[in-house]
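Each chain, written out:
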Amino acid sequence: ESSEQKEYLRFTDVLRGEVKRVNEIIEQFLFFARPAKLQLSQVQIAEILRNLVLLIQETAEQQKIKIEEEISSHLPPLKVDRQRLQEALLNLANNALQAMPAGGKLKLAAKFSGDKEILIEVADSGPGIPPENLRRIFDYYFTTKDKGMGLGLPLAHKIIKEHGGRIEVISQVGRGTIFQVFLPRQEED
């Protein structure tokens, strides 16, 4: 291979990566623009969290992050869009991983919250979010990362809201951050 060929191949590689990135951005734009039709089915939250662990395991290991799971037994299945909910929780988990480049602990929990809701928690032992940023983390394009688009958390927020749920954030600088996702339980027939 000549150096020109090498340069060309490197260039096409970079280009391919950029095209993929732009494509993802466009997909996210479209998702924000249209009211999403949720594909609802009965899903066990434990199963979604198990999938989540599989998706983030490799990154966590590379960053020396320990994953802990605390999932209550006997949680009833929820009627949710499996794909979308997993996407929302993955965004929260990735956000947590990015907060701990030098290692730490990521905790995934699911439990009852009162009679009406199930609570899913994604907690990290990262540096925490300063109060002035806390108000803005769900705003589109608000990001503190060099490469980030600032769409991950707003996307998660939108998906949870479409499920009739809500997200709350508890963060202490120097201690870490907990994202709490409250999802409504179905009325028993």
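Structure report, in brief. (Residues numbered from 1 in each chain as written. Predicted model: local features only at pLDDT ≥ 70, side-chain atom pairs only at ≥ 80, totals over all residues. Heavy atoms only, no water.)

1. Digging into helix α5 (residues 152–162)
Of all the positions in α5, only Leu-153, Pro-154, Leu-155, Ala-156, Lys-158, Ile-159 and Ile-160 are classed as buried. After α5 finishes, the residue Gly-164 shows a positive phi value of roughly 75°. (Buried < 20%, exposed > 50% of the residue type's maximum accessible area, 1.4 Å probe, protein only. Helix = DSSP H or I, 4+ residues; strand = E, 2+ residues; numbered from the N terminus.)

2. Observations regarding the pairing of strand β5 (residues 117–124)
Successive residues of a regular strand alternate their side chains across the two faces of the sheet. With 8 of 8 residues buried, β5 lies mostly within the body of the structure. Relative to β5, strand β4 (residues 104–113) runs antiparallel, the two being bridged by 8 bridges. Each bridged residue has a counterpart across the sheet, and for Leu-108 the counterpart in β5 is Val-122. Counting the residues between successive antiparallel strands, the hairpin from β4 to β5 contains 3 residues, one of them, Gly-114, with a positive phi of roughly 65°. In this structure, β5 lies alongside strand β7 (residues 176–184), joined through 8 bridges in antiparallel fashion. (Pairing = 2+ DSSP bridges.)

3. Concerning the packing of helix α2 (residues 45–62) against helix α3 (residues 82–98)
Where α2 contacts α3, the two axes come as close as 10 Å, and the packing angle between them is 40°. Judged on the interaxial angle alone, α3 and α2 are oblique. For α2 against α3, the interelement crossing comes out right-handed. Contacts between α2 and α3 involve Ile-45, Glu-47, Ile-48, Leu-49, Asn-51, Leu-52, Leu-55, Ile-56, Thr-59 and Ala-60 from the former and Arg-82, Leu-85, Gln-86, Leu-89, Leu-90, Ala-93, Asn-94 and Leu-97 from the latter. (Axes fitted to C-alpha atoms, helices over the stretch in contact; angles between N-to-C directions. Parallel < 35°, antiparallel > 145°, perpendicular 65-115°, else oblique. Left-handed = near helix turned anticlockwise from the far one by under 90°. Contact = heavy atoms within 4.5 Å.)

4. Describing the sheet that holds strand β2 (residues 65–71)
The sheet built from 5 strands is open, its strands ordered β2-β4-β5-β7-β6 with mixed pairing. At either end of the open sheet lies a strand with only one pairing partner, and these are β2 and β6 (166–172). Direction aside, neighbouring strands of the sheet carry axes that sit 15° apart on average. Direction of pairing for β2 relative to β4: parallel, over a ladder of 7 bridges. Within β4, the position partnered with Glu-70 by the bridge is Ala-109. Packed onto the sheet, α2 meets β2, β4, β5 and β7 and runs at close to 175° relative to β2.

5. Topic: the environment of Thr-143
Here Thr-143 is to be found in the loop between α4 (131–134) and α5. Along the sequence, Thr-143 and Leu-153 sit 10 residues apart, while their C-alpha atoms lie 9.6 Å from each other.

Without other data, these values stay purely geometric and don't point to any function.
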